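One-letter residues, chain by chain:
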Amino acid sequence: METGTTGGTGRPEWVGLPGGLLRLRRLLLVIWVVPLAVGTALLLGLTAGPGWAAAGAVWLVALVWGWVVLGRNWRSWRYAERADDLLISRGVLWRAQTVVPYGRMQLVEVTSGPLERRFGLASVQLHTAAAATDAKIPGLVPAEAQRLRDRLTELGEARSAGL
């Protein structure tokens with residue numbers, strides 16, 4: 001996996017998220033939507049008649065739509081390490097780009113919940129003095145998350161940060 005830039009004056013080298021995050025989110029989508037589709041079909045089929053059971057297919061349409069949206073959202077997440085700051089870009093319709101100067105970081109933490117651990121994922125959370133500029137990079141491989149945490153901590157300390 002590429003580790004981003006080491007600090008040049010050219011364009012940033014963007015690094016995308018690994019596929020594990022997309023697999024996790026799509027699995028959660030299926031786990032929630034399929035029982036809703038079956039439950040809706042059964043409930044309407046038993047109470048309103050067999051013709052109404054087809055209304056459960058609305059949830060299957062939502063599943064297909066969600067599948068596509070999750071893929072687009074996952075592809076939109078990326079980050080780049082530059083000489084003085086970390087760039088995080090995300091969003092499909094509403095794009096957001098966060099710039100976190102290394103010298104403004106106060107805390108860098110790696111978190112991993114039960115589902116993330118099951119899928120071999122971790123998130124890097126960056127805290128700054130201003131709460132509005134806190135940033136998160138979800139769905140990283142744990143080794144990359146730890147490497148990024150250590151590098152950001154090192155760069156923050158070198159830039160007189162409050163780490």
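Above: the structure in question.
Position numbers for residues start from 1 in each chain and track the written sequence from start to end. Under the rules for a predicted model, residues below a pLDDT of 70 receive no local features and side-chain atom pairs below 80 are neither given nor counted, while totals for whole chains, interfaces and linings still include all residues. To obtain the side-chain values, all non-hydrogen atoms of the structure were used and water was disregarded.

1. What to know about the pattern of salt bridges
A pair is scored as a salt bridge if a Lys or Arg side-chain nitrogen falls within 4 Å of a carboxyl oxygen belonging to Asp or Glu. Per the stated rule, a full pass over the model turns up 5 salt bridges. Put simply, Glu81 and Arg147 hold a salt bridge, and the shortest N to O gap is 2.7 Å. One end of the pair, Glu81, is in strand β2 (residues 78-81); the other, Arg147, is in helix α4 (residues 142-158), with 66 residues separating them in the sequence. In this structure Glu81 comes out as buried when scored by relative accessible area, which is 0%. Helix and strand assignments follow DSSP, with helices taken as H or I runs no shorter than four residues and strands as E runs no shorter than two, numbered in order from the N terminus. Note on classification: 1.4 Å probe, protein chains only; a residue is buried when its accessible area is under 20% of the maximum for its type, exposed when over 50%, partly exposed between these limits.

2. Overview of a nonpolar patch on the surface
Nonpolar side chains (Val, Leu, Ile, Met, Phe, Trp, Tyr) within 5 Å and like charges within 9 Å form the patches, drawn only from residues with over 30% relative accessible area and no salt bridge. In these tables, accessible area is a Shrake-Rupley quantity obtained with a 1.4 Å probe, and a residue counts as shielded only by the protein chains included in the view. A cluster of nonpolar side chains, Leu27, Leu28, Ile31, Trp32 and Leu115, forms an exposed patch at the surface whose accessible area comes to about 490 Å². Top element by residues in the nonpolar patch is helix α1 (residues 20-47). It accounts for 4 residues. Relative to the elements of secondary structure, Trp32 occurs in helix α1. Taking the relative accessible area as the measure of exposure, Trp32 reaches 61% and is therefore exposed.

3. What about the packing of aromatic side chains?
The pairing test for Phe, Tyr and Trp rings, Trp by its six-membered ring, is centres within 6.5 Å, and the orientation test on the planes gives stacked under 30 degrees, edge-to-face over 60, and tilted for anything in between. Taken as a whole and judged by the stated rule, the model has 0 aromatic pairs. We call a charge positioned above a ring when the Lys NZ or Arg CZ atom is no farther than 6 Å from the ring centre and deviates by at most 35 degrees from the ring normal. Residue placement shows Arg78 over the ring face of Trp14; its charged tip is 4.2 Å from the ring centre.

4. Here we look at the side chain of Arg26
In this fold, Arg26 is placed in helix α1. With no salt bridge to any partner, buried Arg26 finds its closest opposite charge in Glu116, at an N-O distance of 17 Å. The contact definition used throughout considers only heavy atoms, calling two residues in contact when any of these lie within 4.5 Å. Setting aside anything within four residues of it in sequence, one finds Arg26 in contact with Trp67, Leu70 and Gly71. Positive charge is attributed to Lys and Arg, negative charge to Asp and Glu, and no charge count is given to His or to the chain ends.

5. Describing the sheet that holds strand β4 (residues 96-101)
Strand pairing in a sheet relies on backbone hydrogen bonds, with the paired strands running either antiparallel or parallel. Spatially, β1-β2-β3-β4 is the arrangement adopted by the 4 strands of the open sheet, whose pairing is antiparallel. Each end of this open sheet is capped by a strand with a single partner; those strands are β1 (15-16) and β4. Direction of pairing for strand β3 (residues 85-90) relative to β4: antiparallel, over a ladder of 6 bridges. Within the sheet, the bridge partner assigned to Asp85 lies in β4 and is Pro101. A pair of strands is labelled paired if DSSP reports no fewer than 2 bridges between them.

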